[in-house]
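Chains, contacts and geometry: an overview
If you want the building blocks of each chain, they are given just below.
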Amino acid sequence: MERIDDLLREMEAYARDKEVPILTEAARPVFLRTVREAAPRRILELGTAIGYSALLALRELPDAEIVTIERDAVIVEAARSFLCRAGMAARASVVVGAAEKLLPTISGNFDLVFIDAAKSRYPDFWLGVQPLLAPRAVVVADNVLFRGLVEGDGSEEWPKHSYRTMVLQLREYLRLVRSAPGFRTEIFPEGDGMAVSWRDE
Ligand code: SAH
Ligand code: MG
């Protein structure tokens, strides 16, 4: 088993080289603070990439386990290898496939859900994870302010065509979480914007 800090540095370099969009340095403290505060036993992640955010969370939580979904079968191999080298293989189950297809096949209860996959599907992901949430749970979503195009004072340009669907779906995500009964949501501007939605029942 290798030192986790060394592995995390190696993963950061790997992500930089191969342009894998792992949690940005600015967003990491928000993610870690939420993970510590929620102290989840079971975590569900949509969008594993190389397993960086999964490893960050597992490092904080010695008793937790994570189910993490990734549709890219090639990058999954990198994730499994990193998590194995970190000694986390027994606590991390990396599932290959599209999250929207797999969600209905997964059973709850998850204390923390991290949404970090296709941004145009965030509203579907929000609805899809509801039956999987523990009574007290937190749903964290990365990139919700996508390059400042999602919310603002109205002066921002109409997003260019390739981003339009994504931006409209992220706006819908924020509308959904803000109006969801029983949840209180905070939006942190760090990095690409992170929405943290707590349910305390
Ligand atoms: N959470 C990771 C980064 C994830 S990057 C970290 O911070 O370390 C987003 C990942 O989501 C990419 O690897 C991409 O292949 C994956 N993805 C995109 N759409 C998906 C979908 N519909 N289902 C599952 N994974 C998806
Ligand atoms: Mg992200």
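Our subject is the structure listed above.
Owing to the predicted nature of the structure, the values given are computational and were not obtained by experimental measurement.

Cut-offs and rules
Residues numbered from 1 in each chain as written. Chains lettered and ligands numbered in written order. Predicted model: local features only at pLDDT ≥ 70, side-chain atom pairs only at ≥ 80, totals over all residues. Heavy atoms only, no water. Helix = DSSP H or I, 4+ residues; strand = E, 2+ residues; numbered from the N terminus. Buried < 20%, exposed > 50% of the residue type's maximum accessible area, 1.4 Å probe, protein only. Lys, Arg positive; Asp, Glu negative; His and termini not counted. Salt bridge = Lys/Arg side-chain N within 4 Å of Asp/Glu carboxyl O. Contact = heavy atoms within 4.5 Å. Core = buried A, V, L, I, M, F, W, Y, C linked by side-chain atoms within 4.5 Å. Near = heavy atom within 4 Å. Polar contact = N/O pair within 3.5 Å; in protein donor to acceptor, adjacent residues only side chain to side chain. Areas by Shrake-Rupley, 256 points an atom, 1.4 Å probe, with all protein chains shown as cover.

With respect to the helices, strands and loops of the structure, D142 is situated in strand β5 (residues 133-142). No salt bridge is formed by the buried D142; its nearest oppositely charged neighbour, K119, is found at 7.0 Å. Setting aside residues no more than four positions away along its own chain, D142 makes contact with L23, F114, I115, D116, Y122, G193 and M194.

Okay, the pattern of salt bridges next. Pairing between side chains becomes possible if they bear opposite charge and their charged atoms approach one another. Scanning the model with the defined rule gives 15 salt bridges in all. Across the pair R121 and D124 runs a salt bridge, and its minimum N-O distance is 4.0 Å. Residue D124 is classed as partly exposed on the basis of its relative accessible area, which comes to 42%. Between R175 and E172 there is a salt bridge, and its shortest N-O distance comes to 2.9 Å. With R175 and E172 both in helix α7 (residues 161-179) and three residues apart, this pair spans about one turn of that helix. Put simply, R3, D5, D6 and R59 are held in one network by salt bridges that share partners.

Within the largest apolar cluster, 42 residues are counted, with the highest numbers of intra-cluster contacts made by F31, I50 and L55. Contributing elements (two or more residues each) for this core: α1 (4-18), α2 (28-38), α3 (52-60), α4 (73-85), β3 (92-96), β4 (110-115), β5 and β7 (194-199). For this core, the leading source of residues is α3, giving six residues. Once residues within four sequence positions are removed from consideration, I50 is found in contact with M11, Y14, A15, V20, I22, I75, A78, A79 and F82. In this structure, L44, L102, W126 and F183 belong to the second largest nonpolar core, which totals 35 residues.

Looking now at unusual backbone geometry. Between G108 and N109 the backbone carries a cis peptide bond, its omega angle lying at -5 degrees. Positionally, N109 belongs in the loop between α5 (99-102) and β4. The residue E19 is not glycine, and still its phi comes out positive at about 55 degrees. By the secondary structure assignment, E19 is in the loop between α1 and α2.

Let's shift gears to the site of ligand 1. The local shell around ligand 1 holds 21 residues, among which G47, S53, E70, A99 and D116 are the closest. The backbone of G47 places a nitrogen or oxygen atom 2.8 Å from a nitrogen atom of ligand 1. A distance of 3.2 Å separates a nitrogen atom of ligand 1 from a polar atom in the backbone of A118. Computed on the free molecule, ligand 1 has an accessible area of 590 Å², of which 91% lies beneath the protein chains in the complex.

Geometry only, nothing functional implied.
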